[in-house]
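Take a look at the letters that make up each chain.
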Amino acid sequence: MLSNKVCKLHSTHAKVLLRLYSSFNPAEQLTIRDINPSTVEAKYAVRGKIPIIADGLNELIKHDPSSHGLPFQKIVNANIGNPQQLDQQPLTWYRQVLSILQYPELLNQKEIFPKDVRERAKILLHHIGSVGAYSQSQGAPYIRQSIAEFITKRDKGFISDANNIYLTSGASTAVSYLLQILSVDSNSGFLIPIPQYPLYTATIALNNAKPIGYYLDESNNWSTNTKELRELIIDNQQKGIKIKSLVVINPGNPTGAILSTQDMIELIDLAAEYGIVLIADEVYQENIFKGDFISFKRVLSELIEKNHDLYHKVQLASLHSTSKGVSGECGQRGGYMELVGFKSEVKDIVFKLASINLCSVVSGQALMELMINPPKEGDESFELYKKETDSIHYDLQTRAEALYNAFNQMEDINCDKPMGAMYIFPKLNFDSKIYHKLFSRAKNSNLQIDDIYCIELLEHTGICCVPGNGFGQKRDTYHLRTTFLPPGKEWIDRWTKFHKEFVKKYKDVNM
Ligand SMILES: Cc1ncc(COP(=O)(O)O)c(C=O)c1O
């Protein structure tokens, strides 16, 4: 019968197919040549080769605590501004309110939580609902309004508009949005400070755009040089580069320096003259040792007030974060950016990027609100909040001074006194004999001189810092960046001892 024949044919066909499928050759996996070259190109020294060696040593210590053979028992992670990894305690105020937001049943726990904690949690729960739900893409309106009020107060009354605030998961997301929208093609240029925080070079590489480094003046407290910047702009424009943005980090990472108001005005002038977007990375605005923080928004607002025609078109994006300051909530990141002077058609695209990401982490948004709107005098939590934040500020400043003094007493190291942020960026200033030996070692191992110093420091002391080449530095100069977050002074003494031995070793004629 025909149907029998058809059935037989089908089963033979199925068997052939089965044999065919089961005998295929498996395809190769992707290689690095098959993936987006921009992702291969991007570098990020803060978690680069030295921290990777440190992670390996850490594993060794953990695995074999009694016989690892290293001359130290612990890695000191001075490579990254990650306060709570280095024993900084979370602020009680944050964690108490957050606990209730995470588990609203706790609202009734009058014996555990002070009245103002419960009240704040209640307000936040009322306005944002569950922290487990997506918020509006731009961030919860109540929190944006609270941030706008904070900025208005911080900037001496110059009004901030909640519609211009975008909540982000840390400042990194804001940088990613901004660089994404501004990178039109490979001729889109970004002026970035040298030295810079490598998030910028990495994100520019990811967007296949062009980094244009402008040097900060080390001999003048890492100030900016407008004349050189102007020359760079003109020179690059002549080469067909369209300069899209000027990035400023203030207070500075890795320099720990703070720009003068005059420098800020001159940078705004450049932005006004050339239609360049100013990105003001102000994540360290709470980390200032002397005086008040002056924001780019405030300086721009004063200029607009004096001369509206000249300055009202300046496009400024200012960034802030919960990762730094005295909060150090890097693991549950909140952040915001304020956009001023942008046309709404451009802001709509930023909004779209935020929408594609749905929203930033909502507990991070709540943290941001707690950071910019802390307990006030008379509130039940105020005293403890003040005690905790004063103590963090005090510790940061004392350690910054201790490190600065130690570096300045070390032979062959120069260092500026940090004015803020969390970092010191000392310069290695070895004599020519030492350099000569270091050069030949560096050449043989495909490393740079500052890499060698940081590797030896790590291997001898367990202190992990980052070589200056990860941030960019002037040709033939060598630096290192360390945070002043690790507690105590013992690690600083260890560093001093190491440095003496390092210099002695490389000075030794027979080496
Ligand atoms: C200058 C600067 N900008 C941005 C960031 C990113 O911070 P966030 O954790 O908010 O993404 C850092 C982190 O160290 C930084 O130093």
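If you're wondering where the values come from, they're calculated on a predicted model, not measured in any experiment.

J.: Even after reading the chapter, I still don't get helix α9 (residues 226-238), so can you show me in this structure?
T.: An α-helical segment advances 3.6 residues per turn. Residues three or four places apart therefore align on the same side. In this model α9 runs 18 Å from its N-terminal to its C-terminal C-alpha over 13 residues, within 8% of the 18 Å that 1.5 Å per residue would give. The set of residues buried in α9 consists of Thr226, Leu229, Ile233 and Asn236. The arc enclosing the buried residues of α9, seen along the axis, measures out at 95°, which places them on a common side. Facing away from the buried surface of α9 by more than 90 degrees, the exposed residues are Lys227 and Gln238. Where the residues of α9 are buried, they touch β3 (188-194), β4 (210-215), β5 (242-249) and α10 (261-274). Measuring from the side-chain oxygen of the N-cap residue of α9 to the backbone nitrogen of Lys227 gives 3.1 Å; that N-cap residue is Asn225.

J.: Can you walk me through the layout of surface pockets in this structure?
T.: In this approach, a probe sized like a water molecule rolls over the atoms, and the result shows the empty space that is left. Approximately 1,100 Å³ is the volume attributed to the largest pocket. Along the walls of the largest pocket sit 30 residues, with Phe150, Glu286, Met371, Ile372 and Pro374 positioned nearest its centre. Among the elements of the structure, α6 (141-154), α14 (362-372) and α15 (382-409) are those that each provide at least two residues to the lining of the largest pocket. Take the lining of the largest pocket: its biggest share by element is seven residues, from α6. The residue inventory of the lining of the largest pocket, partitioned by class, reads eleven nonpolar, eight polar and eleven charged.

J.: Looking at this structure, I do not really get empty space enclosed by the protein. What am I missing?
T.: On inspection of all chains with the given rule, the structure shows two cavities of 30 Å³ or more. If you trace the largest cavity, you find 15 residues lining it, with Leu216, Trp222, Ile249, Gly252 and Thr255 closest to the centre. When the residues that make up the lining of the largest cavity are grouped by side-chain class, the tally is nine nonpolar, six polar and no charged. For the second largest cavity, the calculated volume is near 40 Å³. As for the second largest cavity, its lining consists of Trp222, Thr255, Cys415, Asp416, Ile424, Phe425 and Pro426. Here the residues of the lining of the second largest cavity sort into five nonpolar, one polar and one charged.

J.: Any chance you could explain the pairing of β5 here in plain terms?
T.: Looking down a regular strand, the side chains alternate between one sheet face and the other. Counting buried residues in β5 gives seven out of eight residues, a clear majority hidden from the surface. Since β5 and strand β6 (residues 277-281) lie parallel, the crossover through α10 that links them has a hand, and here it is right-handed.

J.: Looking at this model, I keep getting lost on the UniProt feature "domain: Aminotransferase class I/classII large" (unreviewed entry) in the protein. Mind explaining?
T.: UniProt records the feature "domain: Aminotransferase class I/classII large" (unreviewed entry) at residues 110-484, using the numbering of this structure. Note that residues 110-484 is 45% helix and 15% strand, and that its end C-alpha atoms are spaced 38 Å apart.

J.: Looking at this structure, I do not really get the state of the cysteines. What am I missing?
T.: What is meant by a disulfide is a covalent connection between two cysteines, made through their sulfur atoms. The final tally for this structure, using the stated rule, is zero disulfides. Unpaired in terms of disulfides, Cys330 finds its nearest cysteine sulfur in Cys464, a separation of 16 Å.

J.: What exactly am I supposed to notice about helix α16 (residues 432-445) here?
T.: Compared with the 20 Å implied by 1.5 Å per residue over 14 residues, the 20 Å span of α16 between its first and last C-alpha is a close match. For α16, the set of buried residues is Ile434, Tyr435, Lys437, Leu438 and Ala442. Projected down its long axis, α16 carries its buried residues within an arc of 165°, all on one side. Pointing more than 90 degrees away from the buried face of α16 are the exposed residues Ser432, Lys433, His436, Lys443 and Asn444.

J.: What is the right way to look at the nonpolar core in this model?
T.: General note: in soluble globular proteins, nonpolar side chains tend to be found buried as a group. Ranked by size, the top nonpolar core spans 114 residues in total, and within it Leu101, Ile147, Leu319, Met337, Phe430, Tyr453 and Trp495 carry the most contacts. With nine residues, the top contributor of residues to this core is α15. Mapping this core onto the domain boundaries places at least three of its residues in each of domain 2 (44-86 + 390-507) and domain 3 (138-372). Each residue touching Tyr453, except ones within four places of it in the same chain, is listed here: Ile413, Leu428, Phe430, Leu480, Trp495, Phe498, His499 and Phe502.

J.: Just to check I follow, could you spell out the pattern of salt bridges for this structure?
T.: Side-chain pairs of opposite charge can arise whenever the charged atoms involved come near each other. Summed over all chains, the structure comprises 18 salt bridges. For the salt bridge of Lys115 with Glu119, the shortest nitrogen-to-oxygen distance reads 3.4 Å. Taken together, the residues span about one helical turn, with Lys115 and Glu119 both in helix α5 (residues 115-128) at a distance of four residues. In this structure, the salt-bridge partner of Glu338 is Lys297, at a minimum N-O distance of 2.9 Å. Here Glu338, found in strand β8 (residues 335-340), pairs with Lys297, found in helix α11 (residues 296-306); they are 41 residues apart in sequence, far enough to count as distant. Relative accessible area serves as the criterion here: at 4%, Lys297 is assigned to the buried category. If you follow the salt bridges from partner to partner, you end up with Arg441, Glu456 and Lys505 in one network.

Calculation rules
Residues numbered from 1 in each chain as written. Predicted model: local features only at pLDDT ≥ 70, side-chain atom pairs only at ≥ 80, totals over all residues. Heavy atoms only, no water. Helix = DSSP H or I, 4+ residues; strand = E, 2+ residues; numbered from the N terminus. Expected span 1.5 Å × (residues − 1). Buried < 20%, exposed > 50% of the residue type's maximum accessible area, 1.4 Å probe, protein only. Arc of directions from axis to C-beta. Contact = heavy atoms within 4.5 Å. Polar contact = N/O pair within 3.5 Å; in protein donor to acceptor, adjacent residues only side chain to side chain. 1 Å grid on protein atoms, 1.4 Å probe; cavity = no way out; pocket = protein on both sides within 12 Å on 5 of 7 lines; lining within 4 Å. Points joined across faces, edges and corners; volume = space filled by probe spheres on them. Nonpolar A, V, L, I, M, F, W, Y, C, P; charged D, E, K, R; others polar. Right-handed = clockwise from strand over helix to strand, strands pointing away. UniProt positions renumbered as here; feature names shortened; annotations may be inferred. Disulfide = S-S within 2.5 Å. Core = buried A, V, L, I, M, F, W, Y, C linked by side-chain atoms within 4.5 Å. Domains from an automatic or database assignment. Salt bridge = Lys/Arg side-chain N within 4 Å of Asp/Glu carboxyl O.

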